[in-house]
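Coordinate analysis (summary)
Given next are the chains, with one letter for each unit.
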Amino acid sequence: MTYGYFDDAHREYVITDPRTPVKWVNYVGTLDFGGLVDHTGGILICRDDPGLNRITKYIPQLPAGDFRGGTLYLRFPEGGAYRVFSPFYVPTLDPLDRYECHVGMGYTRIISECRGIRTEATFFVPRGEDRLLTDVRVTNLRGEPLALDAIPVVEYTHFDALKQYTNADWVPQTMQSRAIRDGDHTVLAQCAFMKRGANENYFTASLPAASFETDRRPFLGANEYGTWARPLSLQEPALGNHEALRGDNIAALLLPLGELGPGESARFVTQLGQVASVGAALPDIRRYFDPAAADAALADLNATWRDYLDIFQVETPDASLNSMLNVFNPRQCHTTKNWSRYLSLYQLGLGSRGLGFRDSSQDVMGVLAHIPEEGKALLTKLLSVQKRDGSAMHQLYPLTMEGSMGDAGEMPDRPQYYSDDHLWAVLAACAYLKETGDFAFLEEEIPFYEKDGQDRPLESSSVLEHLRRAVAFTRENVGRHGLPLAGFADWNDTINLAAGAESLFTANLYGRALRDLIALFEVLGDAISAAALEADYAAMRERVNAHAWDGAWYVRYFDAAGEPIGSRQNEKGQLFTNGQSWPVISGFATPERAEQALDAVYAYLNTPSGIKLSTPGYDGYNPAYGGVSTYPPGAKENGGIFLHANPWVIIAETQLGHGDRAYQYYAQVNPAARNTEIDRFECEPYVYPQNILGDEHPQFGLARNSWLSGTASWMYQAATQYILGIQPTYAGLRIDPCIPAAWEGFTAARRFRGATYRITVRNPQGVSKGVAAVTVDGAPIKGNTLPIFADGTHTVEVTLGE
Ligand code: GLC
């Protein structure tokens, strides 16, 4: 069973059946203004912060057929009443003769045909603007004329997204709407009372409205025994023109499209936006009363996405890999960079969340080739919630820049830091410098998180000092084996051990961070700092190898009593994927142990649906381990295929030169290659999900938590930098592929520091790794690091072999 197809030429996935197993969504706009549009026209929109400034009420837990956030109704007279239906399928569920949802780059276009009426609706947020446009064209496909009305509608939420669900008296008392007549047009304004003059929402259309409604109760009718599927008010000639003084606020406009002759179309553009004052913003709102303005805005958005994607394009023998690398994976990276883990159908953006420090640091790494300035801006925000001791706040709210300790805050008896957060910022900062060569960034002053009574930072320092303190924190917070203390958790949020436990993951992440910094100090000519960090690196490598080798693989933790977790001695949780990939990535594993550790992953953790995070799963709640044991075996971090960890194994395999295995691991989790197995997988085939149920679970292969996962950034890095081997370094772009031996080669076009490199890799001897010769613009070069050009297009020919 398939629900759609990839259209790479248009950079779209086209859904052709509205009854997908779960909602499939697309993102519009950015964190500044935007959100998600589902494939049946539901909209979840916010501005600056999904938790603190949310605009539409979209409840993901409602059944798929229910109204969520917005829809469009069409109606025409039939047998003395109105025949009403939604061209988006939801919420009226009228059978459609044709249905397509084009999931595009920053836009979604739904095309449907029902009862001889064709509707095409394109949702998008114009670049840099605080409004969602929906550009609608309705065409009469019948042989005779038809009089049509269009009724677009949205439902608002309280700006404090959690309050909406926790207080059903105060919230409705605050909600108010009013109608502003602007010439022929009606602009419906809405806000919570205390946001008047500060954050006012509005909804309007480019066509004059004959009537409107802002109160949900009369819209649905009969004290809400009318439903979204059959709103009783739509059987009346006009809507009630109520300006809601309280209650559940909506915005509905009745737009008479007039009588359309056979083949004739009507067009209108709706706007849903937020401004300080709707009255004052009318001149700007009016711009989109001319649909040509929407055409221009969409053309501009398309051009922006073309530029974003054109930075890196590849042509390999694998069409699914091409789809992901050329379109959907960098698109998903853009999404995670914006939304972190804050707002999706699974991560609901209510209450305590915000941007994750470790998550966003990794997300930055996924967009650096494309939008390095935006990556730097986010990294700068993250560094401003780093603490003076070098550790970091676990999360931050983008609107207020307030940090939180995440789940650790709920267990004050446990360590109040995560042992890995701060180290990811080192990787991200170094990746930014490798991409851009912008070493001046290291001198920029950024405050630490601690504030005085007047909310002024207690201390600021250069970016370089922030990075030094990050590694110093880990160096100084070690346990009985001299390995880093685990803190409340490391990357695996769900293993929460009593204070005193040590994390091998953090040891290896520290090793990798040190390698990046050592290379940086060498480039900066600071031999003293480089040597000091080399000594730290050697010390940690020695401890890891002295204590953590279990005979055939590395252990994952030592608990507070010094007992290993992730060892053959354990009954459950004997072997952990991250315990094996990371000693290779850090360079701590000896060559022989590296091979053995990765072989253990292949032998005991690999499945046809991806690599499991650990095995065997814990079978029953155990407070000594915490969250991991709340899941049944095979789910999420408890022996599930936690996809984020898969690219790390791919990277490790390429470091050992295992191109076939690295590619096998890549291909087996490529969602684009799952398009025909969706009944098992269920989630969107055009993005990576966070988790897939593992083979200990009866529903093995079922995916969840699509879109917002560190998988996006790391898969993109694994494929582009390690399989295709096009790696930014401080000194230039290095070409070091590790591909399946059967590939005859591939081509890639990559922009880097102002120049375009057109790279052709040939593999005449059928090897996986090893660069035999490189020419640039026809002339051979020494080594495999390409010279830095400030501009122009340069032809690079790479021959693999002995
Ligand atoms: C979730 C969290 C991430 C964590 C991972 C593993 O994806 O957002 O921070 O590393 O789970 O527990």
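Predicted model only: the values in this text are computed from it and were never measured. (Residues numbered from 1 in each chain as written. Predicted model: local features only at pLDDT ≥ 70, side-chain atom pairs only at ≥ 80, totals over all residues. Heavy atoms only, no water.)

Structural notes on the side chain of K434
How we decide: We count a stretch as a helix when DSSP gives it H or I for four or more residues in a row; a strand needs E for two or more, and each element gets its number in order from the N terminus. Residue contacts follow a heavy-atom distance rule, with two residues in contact if any of their heavy atoms lie within 4.5 Å.
Looking at where K434 falls in the secondary structure, it is placed in helix α9 (residues 421–436). Not counting chain neighbours up to four residues away, the residues in contact with K434 comprise R512, D516, P728, T729, Y730, F752 and R753.

Remarks on helix α18 (residues 711–723)
Residues separated by three or four positions in an α-helix point in the same direction, a consequence of the helix having 3.6 residues per turn. This is how the line gets drawn: Residue count minus one, scaled by 1.5 Å, sets the expected span of a helix.
In this model α18 runs just 16 Å from its N-terminal to its C-terminal C-alpha over 13 residues, more than 12% under the 18 Å that 1.5 Å per residue would give. Of the residues trailing α18, G725 is marked for its positive phi of about 70°.

Some points on the confidence of the model for the protein chain
Quick reminder of the rule: The pLDDT value expresses, per residue, how confident the predictor is, ranging between 0 and 100.
Per-residue pLDDT for the protein chain has a mean of 97; in total, 100% of the residues score no lower than 70. Element-level mean pLDDT values for the protein chain span from 93 in strand β22 (residues 403–404) up to 99 in helix α15 (residues 646–655).

Topic: the site of the ligand
This is how it is decided: Each residue is tested against the molecule or strand, and it is near if at least one of its non-hydrogen atoms lies within 4 Å. Any pair of nitrogen or oxygen atoms within 3.5 Å is treated as a polar contact; in protein, a donor-acceptor pairing is required on top of that, and neighbouring residues in sequence qualify only through side-chain atoms on both sides. To measure how exposed things are, a 1.4 Å probe is used in the Shrake-Rupley method; for residues, cover is taken only from the protein chains shown. Classes in brief: Ala, Val, Leu, Ile, Met, Phe, Trp, Tyr, Cys and Pro nonpolar; Asp, Glu, Lys and Arg charged; the others, Gly included, polar.
Neighbouring the ligand are R341, R353, R358, D359, W491, N492, D493, E637, F642 and Q690. At a separation of 2.7 Å, an oxygen atom of the ligand approaches a polar side-chain atom of R358. Within the backbone of D493, an N or O atom sits 3.0 Å from an oxygen atom of the ligand. Contact with the protein chains removes 94% of the 310 Å² of surface that the ligand exposes when unbound. For the shell around the ligand, the per-class residue count stands at two nonpolar, two polar and six charged.

Overview of the sheet that holds strand β12 (residues 146–155)
Using the following cut-off: If DSSP finds at least two bridges between two strands, the strands pair. Axes here refer to lines fitted to C-alpha atoms; in helices the fit is confined to the stretch in contact. Angles between the N-to-C directions go from 0 to 180 degrees.
Across the sheet, five strands lie side by side as β7-β6-β12-β17-β16; this open sheet has antiparallel pairing. A single partner strand is all that each edge strand has here, and the edge strands are β7 (81–85) and β16 (211–215). Put simply, the sheet's adjacent strands are angled 25° from each other on average, direction ignored.

Quick look at the sheet that holds strand β41 (residues 793–800)
With respect to topology, six strands assemble into an open sheet ordered β19-β37-β38-β41-β39-β40, the strand pairing being mixed. Edge positions in the sheet fall to β19 (312–315) and β40 (779–780), since each has one partner strand and no second.

Concerning the packing of helix α13 (residues 577–585) against helix α14 (residues 591–604)
Under the convention used in this document: Just so you know how the angles are binned, under 35 degrees is roughly parallel, over 145 roughly antiparallel, 65 to 115 roughly perpendicular, and the rest oblique. Helix crossings get a hand from a simple test, with the near helix turned counterclockwise from the far one by less than a right angle marking a left-handed crossing and a clockwise turn marking a right-handed one.
Relative to each other, α13 and α14 sit at 150°, their axes nearing to 9 Å. Relative to α14, the element α13 lies roughly antiparallel. In this structure, α13 crosses over α14, and the sense of that crossing is left-handed. Each of Q580, S581 and V584 in α13 lies in contact with α14, whose residues at this interface are A594, A597, L598 and V601. For the contact of α13 with α14, the residue count by class is five nonpolar, two polar and no charged.

Quick look at the packing of helix α5 (residues 291–310) against helix α6 (residues 319–339)
Viewed as axis vectors pointing N to C, α5 and α6 meet at an angle of 105°, and their least axial separation amounts to 10 Å. Comparing their axes, α6 and α5 come out roughly perpendicular. Together, W305, Y308 and L309 of α5 and N326, V327, P330, R331, C333 and H334 of α6 make up the contact between the two elements. When its residues are assigned to classes, the contact of α5 with α6 shows six nonpolar, two polar and one charged.

With respect to the nonpolar core
Condition: Joining through side-chain atoms within 4.5 Å is the link that ties buried Ala, Val, Leu, Ile, Met, Phe, Trp, Tyr and Cys residues into a set, and such a set is a nonpolar core. Think of it in three bands: residues with accessible area under 20% of the maximum for their type are buried, residues over 50% are exposed, and the middle band is partly exposed, with areas taken using a 1.4 Å probe on protein chains only.
Grouped together as the largest cluster of nonpolar side chains are 218 residues, with contacts concentrated most on W648 and Y666. Residues in contact with W648, not counting those within four places in the same chain, are Q362, W424, W491, F505, N578, S581, W582, I585 and W714. Grouped together as the second largest cluster of nonpolar side chains are 13 residues, Y73, F219, L234 and L254 included.

Some details on the packing of aromatic side chains
For the record, the criterion: Pairing of aromatic rings covers Phe, Tyr and Trp, the last through its six-membered ring, and needs centres within 6.5 Å; plane angles under 30 degrees mean stacked, over 60 mean edge-to-face, and all others mean tilted.
Using the criterion set out here, one finds 41 aromatic pairs in the structure. On the basis of an interplanar angle of 65° and a centroid distance of 6.5 Å, the ring pair of F312 and Y716 is categorised as edge-to-face. Pair noted here: F312 is in strand β19 and Y716 is in helix α18, with a separation of 404 residues, a long-range link. Note on F312: relative accessible area 3%, which makes it buried. Given a relative accessible area of 4%, Y716 falls into the buried group. Taken together, a centroid distance of 5.5 Å and an interplanar angle of 65° make the contact between Y663 and W743 edge-to-face. One end of the pair, Y663, is in helix α16 (residues 659–668); the other, W743, is in the loop between β36 (732–735) and β37 (745–752), with 80 residues separating them in the sequence.

Things to note about the pattern of salt bridges
Just so we agree on the cut-off: Criterion for a salt bridge: a side-chain nitrogen of Lys or Arg within 4 Å of a carboxyl oxygen of Asp or Glu.
Applying the stated criterion across every chain, the model contains 54 salt bridges. One salt-bridge network, in which partners are shared between bridges, spans R98, E100, R109, E113, R118 and E120.

Some remarks on the environment of L254
Topologically, L254 is positioned in strand β17 (residues 249–260). With residues up to four places along the chain from it excluded, the contact list for L254 reads R75, D149, A150, I151, P208, A209, A210, S211, P237, A238 and L239.

Some words on the pairing of strand β3 (residues 25–30)
Bridge analysis of β3 against strand β4 (residues 33–38) gives six bridges, and the strand direction is antiparallel. What sits directly across from G29, in β4, is G34. Hairpin connection between β3 and β4: a loop of two residues separates the two successive antiparallel strands.

Describing a nonpolar patch on the surface
The condition is simple: Residues forming no salt bridge and having over 30% relative accessible area are the ones grouped into patches, like charges within 9 Å of each other and nonpolar side chains (Val, Leu, Ile, Met, Phe, Trp, Tyr) within 5 Å.
Judged by side-chain polarity, W170, F193 and M194 come together as a nonpolar surface patch covering roughly 300 Å² of accessible area. With respect to the secondary-structure elements, F193 resides in the loop between β14 (185–192) and β15 (200–205).

Brief notes about the pairing of β16
Where burial is concerned, most of β16 is hidden: five out of the five residues are buried. With four bridges connecting them, β16 and β17 associate as antiparallel partners. Bridge pairing in β17 links E213 to A252.

What about the state of the cysteines?
To keep it simple, the criterion reads: Disulfide: a pair of cysteine sulfur atoms within 2.5 Å of each other.
A complete count under the given rule lists zero disulfides for this structure. Here C46 is not cross-linked by a disulfide; its sulfur's nearest cysteine counterpart is in C191, at 18 Å. A relative accessible area of 0% means that C46 is categorised as buried. This cysteine, C430, is not joined by any disulfide, and C333 carries the nearest cysteine sulfur, 19 Å off.

Side note on the side chain of R661
Here R661 shows up in helix α16. Here E653 takes part through its side chain, which lies 3.3 Å from a polar atom of the side chain of R661. In this structure R661 touches L598, D599, Y602 and E653, once residues within four positions along its chain are discounted.

Section: unusual backbone geometry
Across the junction of V90 and P91, the peptide omega takes the value 10°, indicating a cis bond. Inspection of the secondary structure puts P91 in the loop between β7 and β8 (98–103). With omega at -15°, the peptide bond leading from T615 into P616 counts as cis. Within the chain, N241 stands out as a residue other than glycine whose phi angle is a positive 55°. Summarising the element assignment, N241 is placed in the loop between α3 (216–220) and β17.

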